[in-house]
6 protein chains.
Amino acid sequence: METRTPSESRTIVTDLVLPSETNPLNNLFGGELLARMDRAASIAARRHSRRIVVTASVNHVAFNRAVPVGSVVTIEATVSRAFKSSMEIYLDVWIEDRESRSRSKANEAIYTFVAVDDTNRPVEVPCLVPESDLEKERFEAALRRKQLSLVLAGKMDPKDATELKALFIAD
Amino acid sequence: METRTPSESRTIVTDLVLPSETNPLNNLFGGELLARMDRAASIAARRHSRRIVVTASVNHVAFNRAVPVGSVVTIEATVSRAFKSSMEIYLDVWIEDRESRSRSKANEAIYTFVAVDDTNRPVEVPCLVPESDLEKERFEAALRRKQLSLVLAGKMDPKDATELKALFIAD
Amino acid sequence: METRTPSESRTIVTDLVLPSETNPLNNLFGGELLARMDRAASIAARRHSRRIVVTASVNHVAFNRAVPVGSVVTIEATVSRAFKSSMEIYLDVWIEDRESRSRSKANEAIYTFVAVDDTNRPVEVPCLVPESDLEKERFEAALRRKQLSLVLAGKMDPKDATELKALFIAD
Amino acid sequence: METRTPSESRTIVTDLVLPSETNPLNNLFGGELLARMDRAASIAARRHSRRIVVTASVNHVAFNRAVPVGSVVTIEATVSRAFKSSMEIYLDVWIEDRESRSRSKANEAIYTFVAVDDTNRPVEVPCLVPESDLEKERFEAALRRKQLSLVLAGKMDPKDATELKALFIAD
Amino acid sequence: METRTPSESRTIVTDLVLPSETNPLNNLFGGELLARMDRAASIAARRHSRRIVVTASVNHVAFNRAVPVGSVVTIEATVSRAFKSSMEIYLDVWIEDRESRSRSKANEAIYTFVAVDDTNRPVEVPCLVPESDLEKERFEAALRRKQLSLVLAGKMDPKDATELKALFIAD
Amino acid sequence: METRTPSESRTIVTDLVLPSETNPLNNLFGGELLARMDRAASIAARRHSRRIVVTASVNHVAFNRAVPVGSVVTIEATVSRAFKSSMEIYLDVWIEDRESRSRSKANEAIYTFVAVDDTNRPVEVPCLVPESDLEKERFEAALRRKQLSLVLAGKMDPKDATELKALFIAD
């Protein structure tokens, strides 16, 4: 079966925060950022699978820092693990300082997409082979997150979630 | 300390899906739904806390059903548990059939908001006292989700996540 | 013939006023509120008729109070009277105070929608049977407004507008 | 006191109907047209009064013809009568045929705006002196509409609405 | 062959600058003005050719003056010269002062559109016959701009650009 | 004086074409692409100058290929030459094929931005030192384009435009 590396799906979206995209505190409106990340994640999933893709779930988004109007925001979306027909996409969001050009992390998010055919049925996607240390770490954690998601949805018995269980029952 | 019931924060947003809000498959664009839910959740959090509120995290969103253009979509957002200064908001999303007027569940989502003062510092919020069975069930589960979120963020040792642990070590 | 009550069509839309929806005075832009009310009214008309509906006219909208950015606005749209194939929808718009949670009336509006079939031809709609006192009052007034609209459009001789005439020739 | 003619306030807005502005039937969405007319009317009111203006009411909008995607739409807004601090604006909306370039009327609307000072208090506006026959006709009718609006709002006794009364009690 | 005058294609778009259309300096966002001019130019090209038209190029846009939020902006678009199947459109943009109603030039722009048939193939358009002095001057200059554009795109040998050459080799 | 390379300002924006961004032919609306390029170019100019930047002119945009709804579009914006306080930004736009992931050029554009201080006055920007062959070629051509722009604006005598003149008077 075909395999792909994370760098083949990596998608970069750099954009401004205009006044029309803010909340009443003059920071980027949370809903607007969620929408931008959804667009970036869908491109990463499409690049990995070369298929039509649809959002299956948003697994986690942490809003650690407010993003003020006028900021330059960069979203980097990469497939972190591929399952049968679904793909976990890991997103990192940075703001960059205008004068120093140094960038700082504003948010992280995890979305899941499914590849479908023209009749909207799930189709298999290539495996992901992580390369860097960070990619490997996220690849490992993705399995735990998948089990967690199944457990929370009542589709997996907690006792079968071996990866997760290990987290709570060390030694 | 002041307490509030879930029905005091319940927020209903019924709206159409217009062509400008669709993806290329003519269904409601995932990012647009995420943004609408963020708006509804922020109103529920504001009604519970009577404070300025900001999105802290999106904990889970499951896109179970595509929402076609022309649909009438109802989002119902309710505070499911209040912690010190944060609130978990549970959202249910329904589509309604035009001819039968019966409605069916399209999505569920969980967002977390934090109440802040004018200087953007977290402030305490009233406790939530659940009333119905569903409200009680979601209130209980909220604690497990909170621990999970802390564990995943590396801010809590899995061994201390007693609620969660119980899930995996049933005897 | 089938009948329906106003509560069967009642549609509630609660939403924020974000900076992208304001005029240069930082209040909700009039055109944006007109558009939101059109969406809410069309859902109420659709719920009453269970048909495709199109806007026929806006009969009256009074902007009594400016709605500042950051407000929580609730639009409540209810069918106030059904004619052969048209429906009058009455809209009430409230703003709610964040700290006291008391709400105050900001606007009222009256829209008319027509139910159509797939070929865009008008089709009959169920009768409306008002229940509460306010519903009954609006139901009565709707007939006068209908006659007025026909008179103003030159489609009814003022002498035949019996309901209206009574308004001006009280003894 | 200063006077102005209708042509001094006439405002022309010609624009396309793009897919993002349609309803699910692929015609211009009613709410979008209401918003465009509000913008045009506010410019006409501003040109007449040379003041900040705010929407006071929408008195009548008739949607006679659907406006399909791809259309060229022209809105013409003109002050039809000035009262103490308020102005009635009459709007005509046309669609033009691409091949023949002939244009046909799609809608008519009547909006009322109020001129205000920096503290949001109503200020006097110049009188309007109609010139053409159509302008004179609309000027006359504006008084009847004003009385009507006051009667409907319960701010004028129908018996005092002399202009309106005459409409119903012709001998 | 059929001919048309510039006044037959003249298109006027007067609109407000709302907060949702600004950059972080509270002036009209450049991209928004480019989009509005594209809409106006496409209508002028359509009126001249009575055909479907598509943007071929933006040849020049000078942003001479910032346009502050709350401004009334008028875009006037007119076909300045027609070639085989393409048309040059000249746009003038004015801001008007609220109190004096005097208007001042804010921008100028030149766009090129091509007329196409249903299969997207270029079709011939009527000739343009300029009338006023300004129209004649722009008509002449359009040929030089066309040559320039071909030279810059490497589609014309500079030596054959007789009109342009004359500009640089005056004796 | 400080210098910078083109790669220090390179800005990548990858995004989808959603239905709300199309023209009636279901291709990306020209005005929307112009707005997206303006955003990308402003970020490149800001990265080079580390200053507030404003659009000065759009010098050339060629729409060579229609971009259909559902496409993945990548805009790459890079400063191609810096003058005293202005910067020329060269933009390349690609569409990528979903199945082969090969990308093809859709458009090219050239924008000019000016760096300003807080009082909106032009300030000096670092020099640009091109590195690759393509960067060097664009750097050279930028001077000719600058002269051309000045000549067309009547701000430079064609006889002094030495770089341009050479283009037309080859021996």
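Here is what the cut-offs are and how they apply
- Every chain's residues receive numbers from 1 upward, in the order its sequence appears when written.
- To label them, take the chains in the order written and letter them from A, then take the ligands in the order written and number them from 1.
- This being a predicted model, a pLDDT of at least 70 is required before a residue's local features are given, and a value of 80 or more before pairs of side-chain atoms are given or counted; all residues contribute to the totals for chains, interfaces and linings.
- Side-chain metrics in this entry use all non-hydrogen atoms of the structure; hydrogen atoms and water are not considered.
- The contact definition used throughout considers only heavy atoms, calling two residues in contact when any of these lie within 4.5 Å.
- By buried area we mean how much accessible surface two parts lose on assembly, using a 1.4 Å probe and totalling the loss over both.
- The rule for a salt bridge is simple: a side-chain nitrogen of Lys or Arg has to be within 4 Å of a carboxyl oxygen of Asp or Glu.
- The helix count covers DSSP runs of H or I at least four residues long, the strand count covers runs of E at least two residues long, and both are numbered beginning at the N terminus.
- Residues are grouped as follows: nonpolar covers Ala, Val, Leu, Ile, Met, Phe, Trp, Tyr, Cys and Pro; charged covers Asp, Glu, Lys and Arg; every other residue, Gly included, is treated as polar.
- The criterion for strand pairing is that DSSP finds at least two bridges linking the strands in question.
- Here the copies are superposed with least squares, the fitted atoms being C-alpha atoms of residues at a pLDDT of at least 70 in both.
- Each pair of aromatic rings taken from Phe, Tyr and Trp, with Trp reduced to its six-membered ring, is defined by centres within 6.5 Å and is described as stacked if the planes are under 30 degrees apart, edge-to-face if over 60, and tilted in the remaining cases.
- Put simply, a charge is over a ring when the Lys NZ or the Arg CZ is close to the ring centre, within 6 Å, and near the line of the ring normal, within 35 degrees.
- Identification of polar contacts relies on pairs of N or O atoms within 3.5 Å, with a donor-acceptor requirement for protein atoms, meaning one able to donate a hydrogen and the other able to accept it, and with residues adjacent in sequence counted only if both atoms are side-chain atoms.
- Here the term buried applies to any residue with accessible area under 20% of the maximum for its type, exposed to any over 50%, and partly exposed to those in between, with areas from a 1.4 Å probe on protein chains only.
- Confidence of the predictor in every single residue is expressed as pLDDT, which spans 0 to 100.
- A fitted line through C-alpha atoms serves as each axis, taken over the contacting stretch for helices, and the angle formed by two N-to-C directions is quoted from 0 to 180°.
- Each angle receives one of four descriptions, namely roughly parallel if under 35 degrees, roughly antiparallel if over 145, roughly perpendicular if within 65 to 115, and oblique otherwise.
- Crossing handedness is read from the near helix: turned anticlockwise from the far helix by less than a right angle, it gives a left-handed crossing, and turned clockwise, a right-handed one.

Asker: Give a description of the interface of chain A and chain B that names residues and reports values.
Answerer: Chain A puts 33 residues into the contact, and the matching count from chain B is 33 residues. When chain A packs against chain B, close to 2700 Å² is buried across both sides, 74% of that on carbon and sulfur atoms. Put simply, chain A and chain B have 0 salt bridges between them. For the side of chain A that touches chain B, the secondary-structure elements that each account for two or more residues are α2 (30–49), β3 (52–63), α3 (133–152) and α4 (162–168) of chain A. Grouping the constituent residues of the side of chain A that touches chain B by class yields 22 nonpolar, 7 polar and 4 charged. In terms of strand pairing, β3(A) meets strand β3 (residues 52–63) of chain B through 4 bridges, oriented antiparallel. Directly across from A:S57, in β3(B), lies its bridge partner B:A62.

Asker: Explain the relation of the copies chain A and chain B to me, and be specific about the residues and the numbers.
Answerer: The transform that puts chain A on chain B rotates by 180° and translates by 0.0 Å along the axis, for an RMSD of 0.0 Å. Both copies of the chain, as the preceding transformation shows, are related through a two-fold rotation axis. Most of the interface of chain A is mirrored in chain B, where 100% of its interface residues again form contacts.

Asker: Explain the packing of aromatic side chains to me, using residue names and the numbers behind them.
Answerer: Within this structure, the stated rule accounts for 0 aromatic pairs over all chains. Above the plane of the ring of A:F83 lies A:K146, whose end atom (NZ or CZ) is 4.7 Å from the centre. Here the basic side chain of E:R138 rests over the ring of E:Y90, its NZ or CZ set 3.6 Å away from the ring centre.

Asker: A description of the environment of A:D117 should follow, citing residues and the corresponding values.
Answerer: Residues and elements named next belong to chain A. As for its position among the elements, D117 is in the loop between β6 (103–116) and β7 (127–128). For the pair D117 and E140, spaced 23 residues apart in the sequence, the C-alpha separation amounts to 28 Å. Only 2.8 Å separates the side chain of D117 from the side chain of T119, close enough to count as a polar contact.

Asker: Any details on the pattern of salt bridges? Residues and values, ideally.
Answerer: Under the defined criterion, the tally for this structure stands at 90 salt bridges over all chains. Residue B:D15 is joined to C:R39 by a salt bridge in which the shortest nitrogen-to-oxygen separation is 2.8 Å. Of this pair, B:D15 sits in strand β2 (residues 11–16) while C:R39 sits in helix α2 (residues 30–49), on two different chains. Salt-bridge contacts for B:D92 lead to B:R138; the nearest nitrogen and oxygen are separated by 2.9 Å. With B:D92 in strand β5 (residues 86–96) and B:R138 in helix α3 (residues 133–152), the pair connects residues that are 46 residues apart, well separated along the chain. Given a relative accessible area of 14%, B:R138 falls into the buried group. Overlapping salt bridges bring together A:D15, A:E21, A:E32, A:R36 and F:R39 as one network.

Asker: Please provide a residue-by-residue account of the confidence of the model for chain A, values included.
Answerer: All names here are of chain A. Of the residues in chain A, 96% reach a pLDDT of 70 or more, and the chain-wide mean stands at 90. Mean pLDDT per element in chain A: α4 is the minimum at 74, and β7 is the maximum at 98. Predicted complex metrics record ipTM = 0.87 and pTM = 0.89.

Asker: Kindly report on the packing of helix α2 (residues 30–49) of chain E against helix α1 (residues 30–49) of chain F, identifying the contributing residues and their values.
Answerer: The geometry of α2(E) relative to α1(F) is characterised by a closest axis approach of 8 Å and an angle of 160° between their N-to-C directions. One element, α2(E), and the other, α1(F), form an angle in the roughly antiparallel class. Relative to α1(F), α2(E) is oriented so that their crossing is right-handed. Along its contact with α2(E), which presents E:G30, E:G31, E:L34, E:A35 and E:D38, the element α1(F) presents F:G30, F:G31, F:L34, F:A35 and F:D38. Among the residues forming the contact of α2(E) with α1(F), the class breakdown is 4 nonpolar, 4 polar and 2 charged.

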